[in-house]
Amino acid sequence: MAYVAVKGGEQAITNAHALLAEDRRGSRDVPEVGVDQIRAQLSLAVDRVMGEGSCYDRDLAALAIKQSRGDLPEAIFLLRAYRTTLPRFGFSDPIATEQMAVRRRVSAAFKDIPGGQVLGPTFDYTHRLLDFALAAEGGHLPDPAAMADAPLADDLPTIASVFLHEDLLEHETPALDAAEPYDLTREPMQFPATRDQRLQALARGDEGFLLSLAYSSQRGWGSTHPLCGEIRLGDVSVEFTPPELGFPIELADLTVTECTMLSEFEGSMEHPPQYARGYGLTFGHCERKAMSMAIVDRALKAAENAVDQVHPVQDEEFVLYHSDNVEASGFVQHLKLPHYVDFQASLQFVRKLRREWAEARSAKEAAE
Amino acid sequence: MGTADLISPKFVQSEHHERKAWLGVLARSDAREVAARWTALKLEPDFQTLRPPETGLVMVRGRAGGTGDAFNLGEMTATRAVIRLSSGETGVGYVSGRDKRHALTAALADALLQSPDHKQAVMTGLIAPLASARDAARREASRKAAATKVEFFTMVRDRSPKK
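Residues numbered from 1 in each chain as written. Chains lettered and ligands numbered in written order. Predicted model: local features only at pLDDT ≥ 70, side-chain atom pairs only at ≥ 80, totals over all residues.

Structural notes on the overall build of chain A
Within chain A one finds 12 helices and 6 strands. The principal-axis extent of the C-alpha atoms belonging to chain A is close to 90 × 65 × 55 Å. The 368 residues of chain A split such that 37% are buried. Long-range pairs, those at least 24 residues apart, make up 63% of the contacts in chain A with a sequence separation of at least 6. (Helix = DSSP H or I, 4+ residues; strand = E, 2+ residues; numbered from the N terminus. Buried ≥ 20, exposed ≤ 12 C-beta atoms within 10 Å, placed from the backbone. Contact = placed C-beta atoms within 7 Å.)

This is how it looks when you write it as C-alpha cells:
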C-alpha cells in the first residue's frame, strides 16, 4: 500500500480550527462556562471522562470536556493523549474498598445488609420529570441536605463479608504467587486474557458498549441471571511508596464506585453450590458503568470453562477488542480522512468488472 | 492534636508513623488550602532543590472482587519534589494533582517537621488544621449519607384467632 502526499488545504484547516473555536464558545451574549463550573456542576461527566480516560484528575477532565464541547468520547481521547506526556512514578498498593468512606451503599439482594441501605446522592426514585426551576434565571441555592446526628460506621461490611462464614458467596483471595498485574498501557491485548487484564480493559471500556452487552446478557444472549449484591460509592485512600522514602504514604483520596453482581452457581464435583460474583470498579461515580462491568465480568468468567461460547458477551476477544472507545472511535472515524487513492483504485477495479460483465453479457446474447 | 489522630489506624504502630501521618495530610489536602496556610506561617527557610517539582502518574490498583488479585484500575496525577534545608534535613513532597508549588511546599514542610526547632510551628499552623478540615468534611459527608439511610417499616400482622 502506498501513500501519496497531497499538499494543500492548510489554510482551510487553519480556518476550520478557528471556526471550531468560535462554535465552541457559542453566543457571546452568554457568559463563558468555567472549568471550575464543569468540575463542580457536571461532575458525573467529569467522572466518566476520568474513568474511561483512565486518569484521575478532576481539573484535567473538566478542561477536556470544555475543549471537546461536551463530546465525552472526544474528551476521553484528549485525556488519554495527555497522559502519554507524563512519566510514571510507580504503582499504588491495591485500594481497600471495604475501608471506603461510604456516601452511598445499597444491596438489592439483601435487605438487611449490616450498616443498612444508604441511598446517597442518587437519581433512583426521582420521577424523571424535567425540573424547570433549574432553568430559571438566578436560580436559588438548594436547601442544605439533611444531616443525621451520627456519621455512618467507619467500615461498612461488604456483601462478601456478610456471607463469608457460610461460604455462600465465592470468596476471592490473592494468589500467593500472583504475578505483577497485566498493564494494558504497556502491553498489547493478548488472549486468553487473564482476569486482571480483563478488569483493566473493562474499567477503561466504553460505558455504552458495556451497558448494551450487559443488557444483551440479561435478556438471554448469554444469560447470567444477575442479582445486584452491592453497590458502593465513596472515597478510598491510595497508598503509594515513593522510592525516596521506602515506606507507603497516603497519596490521595479518590472517589470510586464498586459493584458486586451475584449469580447462582449450581455446583460441580469439586465445588458445592454457591453464588459466583462479577466485579465492577470505576473511578468517580459511574454506577451504570460499574454495574455493566460486573455483569460482563461475570459472563466472561462463566464462559471461561464453557464448552461453547455462542453469545457476544461470552466471547472475550469480541468484548475486549471492541470495548475501548478511543480505539473504536479512531478506527471508525479515520474513514473520513482522505481515502482518495483507495477510492481511485477501487473505481478502476469496479469499472473493469463492469466492462467484463457487459462484454460477457453481449457475447452471450450474440450466441443465443 | 497528636499525629496518631491524622492517619489510618494500621499505620500508627509502624515505623515512621509520624512522618507518614504528616506526609499523608500534605498529599491529600487541597493545594490552595496548603498554599494559604503555608503563606500565613511566614517561614522562609534556606534550601537547596534536590529534585525540582515534577508531575507524573501513579497507576492505581484495585483487587478483583475487592479482596482478590490486584489489577490496574487506572492512573492518577501526582507531583513530587525533594529539597534539603541548609540545616541539613531532607524533605520529600509527594502530592496528588499537578500543582508544583503544592509539592514544593510539602517537601519544605516535611523537612521543617524533622527539625526540632520548627516542628511545633508547622504542626500547629499547617498539619493539624489541614487534618481537622479533612476530618470535618468527611464527617459532614458521612452524616449527610447517614440521613439517606432507609428505615424499613415492617407490618406486624395479628395472627390471633378471629373473634
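Thoughts on the overall build of chain B
The number of helices and strands found in chain B is 5 helices and 3 strands. When the helices and strands of chain B are listed from N to C terminus, the series reads α-α-α-β-β-β-α-α. When burial is assessed residue by residue, chain B has 45% of its 163 residues classed as buried. Of the contacts made within chain B by residues no fewer than 6 positions apart, 51% connect residues no fewer than 24 positions apart.

Details of the interface of chain B and chain A
Facing the 52 residues of chain B at the interface are 68 residues of chain A. The set of elements that each furnish at least two residues to the side of chain B that touches chain A consists of α2 (17-28), β1 (47-63), β2 (70-85), β3 (90-96) and α5 (119-146) of chain B. With 11 residues, β2(B) is the largest single contributor of residues to the side of chain B that touches chain A. For the side of chain B that touches chain A, the per-class residue count stands at 21 nonpolar, 17 polar and 14 charged. Here 2 bridges tie strand β1 (residues 55-56) of chain A to β2(B), and the two strands are oriented parallel to one another. By the bridge assignment, A:Tyr56 is partnered in β2(B) with B:Met76. (Nonpolar A, V, L, I, M, F, W, Y, C, P; charged D, E, K, R; others polar. Pairing = 2+ DSSP bridges.)

Remarks on the domain arrangement of chain A
All names here are of chain A. Assigned domains within chain A: domain 1 (10-24 + 31-83) and domain 2 (97-121 + 151-173 + 184-329). The straight-line distance from the C-alpha centre of domain 1 to that of domain 2 is 28 Å. Contact residues are listed per partner, giving 13 residues for domain 1 and 13 residues for domain 2. Examining the composition of the side of domain 1 that touches domain 2, we find that 7 residues originate from one element, helix α3 (residues 43-53), more than from any other. Residues of the side of domain 1 that touches domain 2, tallied by class, amount to 7 nonpolar, 2 polar and 4 charged. (Domains from an automatic or database assignment.)

Re helix α5 (residues 72-83) of chain A
Its 12 residues give α5(A) an end-to-end C-alpha distance of 17 Å, which sits within 8% of 16 Å, the value for a rise of 1.5 Å per residue. Counting buried residues in α5(A) gives 9 out of 12 residues, a clear majority hidden from the surface. Those residues of α5(A) that sit buried are A:Leu72, A:Pro73, A:Ala75, A:Ile76, A:Phe77, A:Leu78, A:Leu79, A:Arg80 and A:Arg83. Buried residues belonging to α5(A) abut α3, β1, α4 (58-67) and α11 (325-333) of chain A together with β1 and β2 of chain B. (Expected span 1.5 Å × (residues − 1).)

Focus on the packing of α4(A) against α5(A)
If you want to describe how two helices pack, look at the angle between their axes and the distance between the axes. Residue and element names in this part refer to chain A. At a closest axis distance of 8 Å, the pairing of α4 and α5 adopts a crossing angle of 130°. Our classification of the angle between α4 and α5 gives oblique. Crossing handedness for the pair α4 and α5: right-handed. On the side of α4, the interface is formed by Leu60, Ala61, Ala64, Ile65 and Gln67, while α5 contributes Ala75, Leu78, Leu79 and Tyr82. (Axes fitted to C-alpha atoms, helices over the stretch in contact; angles between N-to-C directions. Parallel < 35°, antiparallel > 145°, perpendicular 65-115°, else oblique. Left-handed = near helix turned anticlockwise from the far one by under 90°.)

Notes on the nonpolar core
Of all hydrophobic cores here, the largest spans 111 residues; its most connected members are A:Val49, A:Ala61, A:Val296 and B:Ala107. With 10 residues, the single largest contributor to this core is helix α9 (residues 287-304) of chain A. Counting residues domain by domain, this core receives three or more from each of domain 1 (10-24 + 31-83) and domain 2 (97-121 + 151-173 + 184-329) of chain A. With residues near it in sequence (within four places) discarded, A:Val296 still touches A:Leu202, A:Leu210, A:Leu213, A:Ala214, A:Val313 and A:Val319. (Core = buried A, V, L, I, M, F, W, Y, C linked by C-beta atoms within 7 Å.)

Considerations on the environment of B:Leu85
Residues and elements named next belong to chain B. Take Leu85: it is sitting in strand β2. Taking the number of C-beta atoms within 10 Å as the measure of exposure, Leu85 has 19 and is therefore partly exposed. Distance from Leu85 to Thr49, taken between C-alpha atoms, is 8.8 Å for residues 36 residues apart in sequence. Sequence-distant contacts of Leu85, that is, excluding residues within four places in its chain, are made with Pro45, Asp46, Phe47, Ala111 and Ser115.

With respect to α3(A)
Residue and element names in this part refer to chain A. Of all 11 residues that make up α3, 8 are buried, and the element is covered over most of its length. All of the buried residues in α3 are Val46, Asp47, Arg48, Val49, Met50, Gly51, Glu52 and Gly53. Downstream of α3 by a residue or two, Ser54 has a phi angle that is positive, lying close to 60°.

Points about the pairing of β2(B)
Residue and element names in this part refer to chain B. With 14 of 16 residues buried, β2 is to be regarded as a mostly interior element. Where β1 lies against β2, 14 bridges are found, and the strand directions are antiparallel. Bridging from a neighbouring strand, Val58 pairs with Met76 of β2. A loop of 6 residues connects β1 with β2, the two strands running antiparallel in sequence, and Gly65 in this loop sits at a positive phi of about 70°. In terms of strand pairing, β2 meets β3 through 7 bridges, oriented antiparallel. By the bridge assignment, Arg84 is partnered in β3 with Thr90. The hairpin turn running from β2 into β3, its antiparallel successor, is 4 residues long, and Gly88 in that turn takes a positive phi close to 110°.

Remarks on unusual backbone geometry
Residue and element names in this part refer to chain A. In this structure, the amide linkage connecting Phe191 to the following residue, Pro192, adopts the cis form with an omega of 0°. Mapping Pro192 onto the fold places it in the loop between α6 (159-162) and α7 (195-204). In the Ramachandran plot, Tyr125 falls in the positive-phi region, its phi being about 70° despite a non-glycine side chain. The residue Tyr125 is located in the loop between β3 (101-106) and α6 in this model.

Quick look at the environment of A:Gly120
All names here are of chain A. Mapped onto the secondary structure, Gly120 falls in the loop between β3 and α6. Residue Gly120 is classed as buried on the basis of its C-beta count, with 22 C-beta atoms lying within 10 Å. Considered as a pair, Gly120 and Gly234 are 114 residues apart in the sequence and their alpha carbons are 9.8 Å apart.

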